[in-house]
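# Topology and contacts: notes
The residues making up each chain are set out below.
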Amino acid sequence: MAEYKHLEVEKKWQQYWQENKIYEVSIDPSKPKYYILDMFPYPSGAGLHVGHPLGYIATDIISRFKRLKGHNVLHPMGFDAFGLPAEQYAIQTGQHPAITTETNIGRYKEQLTNLGFSYDWSREVRTSEPSYYKWTQWIFKQLFNSWYNKDSDKAEHIDTLIGAFAKSGNHSINAVCDDDVPAFTASDWNSWSEEAQQRMLLKYRLTYIAETTVNWCPALGTVLSNDEVKDGFSERGGHPVVKKSMAQWSMRITAYADRLITGLDKIDWPEPIKDMQRNWIGKSYGAEVDFAIENSDKKIRVFTTRIDTIYGVSFMVVAPEAEIVQHLTTPEQKQVVEDYIAVAKNRSERERMSDVKTVSGVFTGSYVLHPFSGEKIPVWIADYVLAGYGTGAVMAVPSGDQRDFDFAKHFDLPIVQIIDSQKITDTEADATKEGRMINSGILDGLTPAEAIDKAIAEVEQKGIGVRKVNYRLRDAIFGRQRYWGEPIPVHFKNGIPYLLEDSELPLNLPEVDKYLPTEDGAPPLGRADNWQYKDGTPYELTTMPGWAGSSWYFFRYMDPDNDQEFASEKALDYWQQVDFYMGGSEHATGHLLYSRFWTKFLYDMGFIKVDEYAKKLVNQGMIQGRSNFVYRVKNKNKYVSFGLRKEFDTYPVHVDVNIVKDDILDMGAFKSFRPDAEDAEFVLENGKYICGWEVEKMSKSKYNVVNPDDLVEKYGADTLRMYEMFLGPIEQSKPWNTNGIEGVYKFLRKFWTLFHNNREDEFVVSDEPASKEELKILHGLLKKIEDDIERLSLNTSVSNFMIAVNELGALSCNKRAVLEPMVITLAPFAPHLSEELWSLLGHNETIFNASFPVFDPTHLVEDSFEYPIMVNGKMRAKIQLGADLSKEEIESQALAHPNVQKWTEGKPPKKVIVVPKKIVNVVV
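Before going into details, it helps to say that this report is about the structure given with it. (Residues numbered from 1 in each chain as written. Predicted model: local features only at pLDDT ≥ 70, side-chain atom pairs only at ≥ 80, totals over all residues. Heavy atoms only, no water.)

### Things to note about empty space enclosed by the protein
Per the counting criterion, the structure on display carries five cavities of 30 Å³ or more. Estimated volume of the second largest cavity: approximately 50 Å³. Taken together, Leu572, Asp573, Gln576, Ile608, Lys609 and Val610 make up the lining of the second largest cavity. (1 Å grid on protein atoms, 1.4 Å probe; cavity = no way out; pocket = protein on both sides within 12 Å on 5 of 7 lines; lining within 4 Å. Points joined across faces, edges and corners; volume = space filled by probe spheres on them.)

Written out as structure tokens, the structure reads:
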């Protein structure tokens, strides 16, 4: 087989691409644009393992294919460079996070380059660069200077609100705002001081400061979002997280709740992602109702989607962190309530919502009065109610809600049937909406739908409730008590935030002596010298959250060097939005939701012309690790091969997969891996130590991390690229197994051999015309590959290439008319090999300036067909006939065949059945 020197070839073409700026792209109205994007990576110190490039390889194949199909392809890459890991390292070592980040990015770029990706590196952006976060700060300013007008259903500049206040107060303003906004007149507004006006505006601005219950992680010294907390611990580091009330920057993503739901209908995103976002936003229709607290002038307002069940309320449940708890708790219950709240603070909202098995709660000692019957209803606190959803209180109807039912059973509270068709058992509630109301006072005899309308009308008439659309979605926390993030561009006068001028951006991160909070608990920016505005007023001490920079980066790629605006109108008009976005489903309710929010805001303000930034989203699956094990005998320095392990009392020990090949252990390398095994005894099978294996998450602790650099060195980047695609459908998770990579490596060498004389290793390609069979193989491949790429079935593409190369090899095909278009077809998958062959074929330009070969269906049309001839059910002959013959012609030729004549004895048949391109049946 001709020798293919992958290391020389790949370095050669990577250098060529870089020096000739092959992948740099500019606006070209003469071509259709195609914008393809990988989700913003965070550059960790560990670099890439073989699982990370899976999505990158897929998008690179599509990018190269679209370019060959004549598109102007934007395929950029950058780094989500702010984040906790670099800061934690800075805290431990004192090294500035920028240094760590720069080192990590350098490592990532080296690995990405070695894999041959077609990124336009001239457009690289990093969220931690002041030239980038200047515009993140600028977008923050736009949000701060905006309010959401429900009447126009869009964000508007704050000046329009100020003008309305000055003219007629707020009585006609229909805005998304704080719940405690008082009514005021124009006279009131115009008489207020600037400070009073600014405090009122904070209740309307799309970004604002307010007392908020947050997930506080003392060990990390920062607030975490709900998706960063798992089972009461930080997802990063596993530190305890508690609920805490503190002044915090927030953004009114809730203003866009309905548009975020309806917008899902016009984008091609995976249904599971859409469902996760719909459920996270949690739109529901119902009513708010007031329950008066006994012996108090206070009330508890609840939101319910089933006000028809109001007569089934036998107790009320309030969230542990709700402010009203303090008022409700009687002296006798004070201690147990405080103890319960202390425990509840350590559970995340996600855990509390999903844990349906645990039943816990405490009676407050107080009662509310039923709004219709006036009966006393006990008030409990329980952590299955969240302060952030609805009003933080629920009217419990145990006959129709399973959690309420379980709670009532656990604490021996009444369960009242309120619909005649309810089938309530000892263990289950029945949430039916069929039947008629019973035990329901003024609602008796009505259907649930009728009862809902009547009950809402009743509470509205009494002035104790309103019809309401509610959302589970809460406003987004927008602040971190950390150093390594974007500074928030505000300074404070008497506690009121004021924006910096555009000309004063970026507000750069200051130097600090340590990356820890100050001695009095202020964030690390409190350590900076003279961290104040030019007039001496203090700057904000918190920084923006990790999702700030990643919520708009796709627009910056369109015009990354613009220092006058976040992107020019010309660039935004041309590139518009991402056509194909690839990334993980774990970001469904984080990045993928927040970025849609910012896009809709920028659209409202007229900065962009699209209100969804990505037309199509694909979630790549995970490449899981394939761990290997050796089996150590308990209490002995002895290792037993897999097949013999049950004959001894053994336990499995992870071993580095890089010293195992085809599950056979390199025992010498193992002794270096585990020095204590130097003198160990090994029990072998047929002279070999066979390891066990198991599919697990790829991680250092399991010694199953495979470094792509090692595989590129041994097999080449093209082999690794095609092998990762060959593992299975891109959207599915699959285990990594290095053992299978040899097959792809051999395939690429077979392809190389088609162009070479095996004996002299000489490049030999013939200009002779291709045969009919060779053209059939080629055009069959062209059709399959184009269909595969469009359907993202890249694993079957690899199989189709292998089949075609084997078929052409069997024909000893070395025809330019076949091999040249095949090289172009392979180029998106194996770009280095293809560039080398393209050059050897005599071309002076990159192969990616070529055009993808056009499939010609005429080459797949059969000129003839071999018909089996059946006589009385038994095959008596085969005959090759023209594919375009009529039934009559086929019948005539079949009956004239000597074998058919023999079996019919020359007699005319009773019947002849001809099925074109299938069979001929003769009955005699």
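### What about the pairing of strand S14 (residues 362–369)?
In the sheet, strand S11 (residues 284–293) pairs with S14 via two bridges, with the strands oriented antiparallel. The residue of S14 that forms the bridge with Ala292 is Leu369. (Pairing = 2+ DSSP bridges. Helix = DSSP H or I, 4+ residues; strand = E, 2+ residues; numbered from the N terminus.)

### Some details on the sheet that holds strand S35 (residues 911–915)
Strand order in this open sheet of four strands is S34-S33-S36-S35, and the pairing throughout is mixed. The sheet terminates laterally at strand S34 (874–882) and S35, the two strands that pair on one side only. In this sheet, adjacent strand axes meet at a mean angle of 20° when their direction is disregarded. Here eight bridges tie strand S33 (residues 864–871) to S34, and the two strands are oriented antiparallel to one another. Directly across from Met870, in S34, lies its bridge partner Met875. Helix-sheet contacts for helix H28 (residues 887–896) involve S33, S34, S35 and strand S36 (919–923), and the interaxial angle to S35 is about 120°. (Axes fitted to C-alpha atoms, helices over the stretch in contact; angles between N-to-C directions. Contact = heavy atoms within 4.5 Å.)

### A word on the nonpolar core
By size, the foremost hydrophobic cluster in this structure holds 90 residues, and its most contacted members are Met722, Phe751 and Leu826. Among the elements that take part in this core, helix H2 (residues 53–68) stands out by supplying eight residues, more than any other. Setting aside residues up to four positions removed in sequence, Leu826 forms contacts with Met722, Phe747, Leu748, Phe751, Phe801, Leu833 and Ser834. In terms of nonpolar packing, the next biggest core, distinct from the first, is built from 88 residues, Ala155, Leu260, Ala571 and Tyr594 among them. (Core = buried A, V, L, I, M, F, W, Y, C linked by side-chain atoms within 4.5 Å. Buried < 20%, exposed > 50% of the residue type's maximum accessible area, 1.4 Å probe, protein only.)

### Overview of the packing of aromatic side chains
The tally for this structure, following the rule as stated, stands at 67 aromatic pairs. Measuring from centroid to centroid gives 5.0 Å for Phe65 and Phe852, while their planes differ by 80°, and the two rings are edge-to-face. One end of the pair, Phe65, is in helix H2; the other, Phe852, is in the loop between helix H27 (831–840) and S33, with 787 residues separating them in the sequence. Look at Phe65 and you get buried, because its relative accessible area is 1%. The interplanar angle of 50° and the centroid separation of 4.7 Å between the aromatic rings of Phe407 and Phe411 together place this pair among those described as tilted. With Phe407 and Phe411 both in helix H14 (residues 402–411) and four residues apart, the pair spans about one turn of that helix. For Phe407, a relative accessible area of 0% corresponds to the buried category. Looking at Phe411, the relative accessible area reads 24%, which means it is partly exposed. A connected cluster of aromatic rings, assembled from ring pairs, spans Phe40, Trp269, Tyr553, Phe554, Phe555, Tyr557, Tyr581 and Tyr613. Sitting over the ring of Tyr34, Lys66 keeps its end group 4.8 Å from the ring centre. (Phe/Tyr/Trp six-rings, centres within 6.5 Å; stacked < 30°, edge-to-face > 60°. Lys NZ or Arg CZ within 6 Å of the ring centre and 35° of its normal.)

### A word on helix H5 (residues 130–144)
Between its first and last C-alpha atoms H5 spans 20 Å; for 15 residues at 1.5 Å apiece the expected length is 21 Å, and the two agree. Taking burial as the measure, the 15 residues of H5 include 13 buried ones, the bulk of the element. (Expected span 1.5 Å × (residues − 1).)

### What about the packing of helix H10 (residues 271–281) against helix H19 (residues 591–604)?
Taken N-terminus to C-terminus, the directions of H10 and H19 make an angle of 75°; their axes are 11 Å apart at the nearest point. With respect to each other, H10 and H19 are oriented roughly perpendicular. Contact with H10, carried on its side by Ile273, Gln277, Trp280 and Ile281, involves Leu592, Leu593 and Arg596 of H19 and no other residues of that element. Residue composition of the contact of H10 with H19, grouped by class: five nonpolar, one polar and one charged. (Parallel < 35°, antiparallel > 145°, perpendicular 65-115°, else oblique. Nonpolar A, V, L, I, M, F, W, Y, C, P; charged D, E, K, R; others polar.)

These figures capture arrangement, not role.
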